[in-house]
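One letter stands for each residue in the lines below.
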Amino acid sequence: MLLTISTTVRPATDLGFLLHKHPDRVQEFGQSYGTARVFYPEAGEERCTAALMLDVDPVRLVRSRGRSTPDYALGQYVNDRPYAASSLLAVALADVFRTARTGRCDSRPELAAGPVPLEITLPVLPCRGGPEMAHRFFEPLGWTVEAQAVPLDEGFPEWGDSRYVRLSLRGEVRLADALNHLYVLLPVLDDAKHYWIAPDEVDKLIRAGESWLAAHPEKSLITRRYLGRRWALARTAFARLAELGDDVEEDLEPPVEEDPAAGPEPAADISPTGEPVGEPPAVPAEEAPGERDAAPRRPLNVLRREAVLGALAESGARSVIDLGCGSGQLVGALLGRPELTTVAGVDVSAQALAIAARRLKLDRMPDRQRERLRLFQGALTYTDDRFAGYDAAVLMEVVEHVDPPRLNALERVVFGAARPGQVIVTTPNAEYNVRYDFLEGMRHPDHRFEWTRAEFQAWAAGVCREYGYHVAFRPVGDDDPEVGPPTQMALFGRGSAANAGGGDD
């Protein structure tokens, strides 16, 4: 199987520095099932191409199976694994380009830190769901995707297409991100892995996807496929992502139609030959002892939403606008409160609003409920009459996405022009980040800043002085005695301070 990575950055041979592989040499890397080789078919100043070729030994692959695995006869030796990109290639990529995946390059640090023009080709890739799935998974990551179905037999076109595609990706993407995209999505497209799926797969997924998965519109499907649809592992992964991302799927029982390719559940924790290849977990069962019975940890975004709903209930608001509604999770929860006569959601992203409409089943919503809902596009840094007239407004995990020089404009629009009776703002507590062992940098790649508790309170006090509000603060999540809660919430009000919802002024 073959993977090629090309660039036209000048000089293009700097690709060798980024990959930590010299263009003038052919390098070999032994794998438990064969040999991986890296070489450069072309290496010039204007264009450079690195190729990763994986030579799979099917006999060695079979011999690595466990003794108790049933015998599948000829199918063990005759299959697509030596020819089609799969989790075998993903594992080899992770091993061969280990340093490149971290984004570290001492020789070219600036080049490694930013996007570069890339072209990636995979001649044969198993794709459960057809070319459409490749588009769904790669396009939101900034790639231009060309996915062509491979016919079963070119001599007999009436036989139709096979389950394989020829995949080409083009875009300006940071190389480390590109490699991590491939590492996660190759087995996801195949919807199978050649090795046993153990609990440490969650850590692998979070490390490879921490800069992009939480914001991906198909994050739920990617997570379930990557973890072989193992419920306990998927639940853990969703909880981990919910702590990092702002809008992560917490409905852990997704609808069947979300994966149009889903047929009979594949044995994703074994190889397509029926063999668990690689090291099995200590307990070869669907879940380790106590895993099913353990009390599930409640995701932070669920706690955050419940805190906002509780504060709104205390305020007695009858109309609420969600400023920066994203994919509509809070809007859906607000519609479930019959005491609210009007619920509005606004976002600058048309794509987010389309996802919200689909999540809320807008096309099938009863007329009585539809009359209570308003969804529209708008920017929070520009005065808009549609923002006014609501009892309460919510900015849930929004302010940290605004460039600091534009915060004054947001304050003027929300507190000065719209002037709802209550404004609820939640934002990450930067001090709590040290409690996430797996976190490097900010909690979300689109965050422009993250405030400490003192910085958040100073900002809120300035808003109150400027626009005539008062404010109280509440923790969201476990309130660590040293670093505070993971999320901090401010309750702004224009009435008496006693009605601000409690907390410390």
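Residues numbered from 1 in each chain as written. Predicted model: local features only at pLDDT ≥ 70, side-chain atom pairs only at ≥ 80, totals over all residues. Heavy atoms only, no water.

Chemist: How do you make sense of the overall build of the protein when you look at a structure like this?
Modeler: Along the backbone of the protein there are 16 helices and 14 strands. Taken across its 505 residues, the protein has 54% of its residues classed as buried. Considering only contacts in the protein between residues 6 or more positions apart, those separated by 24 or more positions represent 73%. Accessible surface, the protein as shown: approximately 22,800 Å² in total, 50% of it carbon and sulfur. (Helix = DSSP H or I, 4+ residues; strand = E, 2+ residues; numbered from the N terminus. Buried < 20%, exposed > 50% of the residue type's maximum accessible area, 1.4 Å probe, protein only. Contact = heavy atoms within 4.5 Å. Areas by Shrake-Rupley, 256 points an atom, 1.4 Å probe, with all protein chains shown as cover.)

Chemist: What is the right way to look at empty space enclosed by the protein in this model?
Modeler: Summary: where empty space remains is shown by rolling a probe the size of a single water molecule over the atoms. Per the counting criterion, the structure on display carries 2 cavities of 30 Å³ or more. Taken as a whole, the largest cavity encloses approximately 40 Å³ of empty space. Surrounding the largest cavity, Leu-18, Ala-100, Gly-103, Arg-104, Cys-105, Ala-112, Leu-175 and Ala-176 form its lining. When the residues that make up the lining of the largest cavity are grouped by side-chain class, the tally is 6 nonpolar, 1 polar and 1 charged. (1 Å grid on protein atoms, 1.4 Å probe; cavity = no way out; pocket = protein on both sides within 12 Å on 5 of 7 lines; lining within 4 Å. Points joined across faces, edges and corners; volume = space filled by probe spheres on them. Nonpolar A, V, L, I, M, F, W, Y, C, P; charged D, E, K, R; others polar.)

Chemist: I keep staring at unusual backbone geometry and nothing clicks. Help me out?
Modeler: As a rule of thumb, non-glycine residues mostly have phi less than zero, and peptide bonds are mostly trans rather than cis. Cis rather than trans, the peptide bond between Arg-10 and Pro-11 has omega equal to -10°. One can find Pro-11 in the loop between strand E1 (2-7) and helix H1 (15-19). If you check the backbone angles, His-20 has positive phi at about 60° while not being a glycine. Examined against the element boundaries, His-20 turns out to sit in the loop between H1 and strand E2 (27-31).

Chemist: Would you take a moment to explain the confidence of the model for the protein for this structure?
Modeler: Residues shown with low pLDDT carry predicted positions that ought not to be read at fine detail. The predicted model of the protein has a mean per-residue pLDDT of 83, with 81% of residues at 70 or higher. In the model, residues 248-296 has pLDDT below 50 throughout and makes 100 contacts with residues more than four positions away in sequence or in other chains. (pLDDT = per-residue confidence, 0-100.)

Chemist: How should I be thinking about the layout of surface pockets in this particular structure?
Modeler: By volume, the second largest pocket is sized at about 620 Å³. Forming the boundary of the second largest pocket are 23 residues, of which Arg-101, Asn-180, Arg-207, Glu-210 and Glu-440 lie nearest the centre. Contributing elements (two or more residues each) for the lining of the second largest pocket: helix H4 (98-102), helix H7 (175-190) and helix H8 (200-209).

Chemist: What is the right way to look at the nonpolar core in this model?
Modeler: Most often, soluble globular proteins have nonpolar side chains that are buried together. Trp-143 and Val-184 are the most contacted members of the largest nonpolar core, which has 75 residues in total. Ranked by residue count, the leading element in this core is H7, at 10 residues. What Trp-143 contacts, discounting residues up to four positions off in sequence, is Leu-118, Ile-120, Phe-138, Leu-169, Arg-170, Gly-171, Val-173, Ala-178 and His-181. (Core = buried A, V, L, I, M, F, W, Y, C linked by side-chain atoms within 4.5 Å.)

Chemist: Please explain the environment of Asp-200 as it appears in this structure.
Modeler: Tracing the backbone through its elements, the reader meets Asp-200 in helix H8. Among the residues examined, Asp-200 registers a relative accessible area of 39% and is labelled partly exposed. Here the alpha-carbon distance between Asp-200 and Leu-233, two residues 33 residues apart in the chain, equals 9.1 Å.

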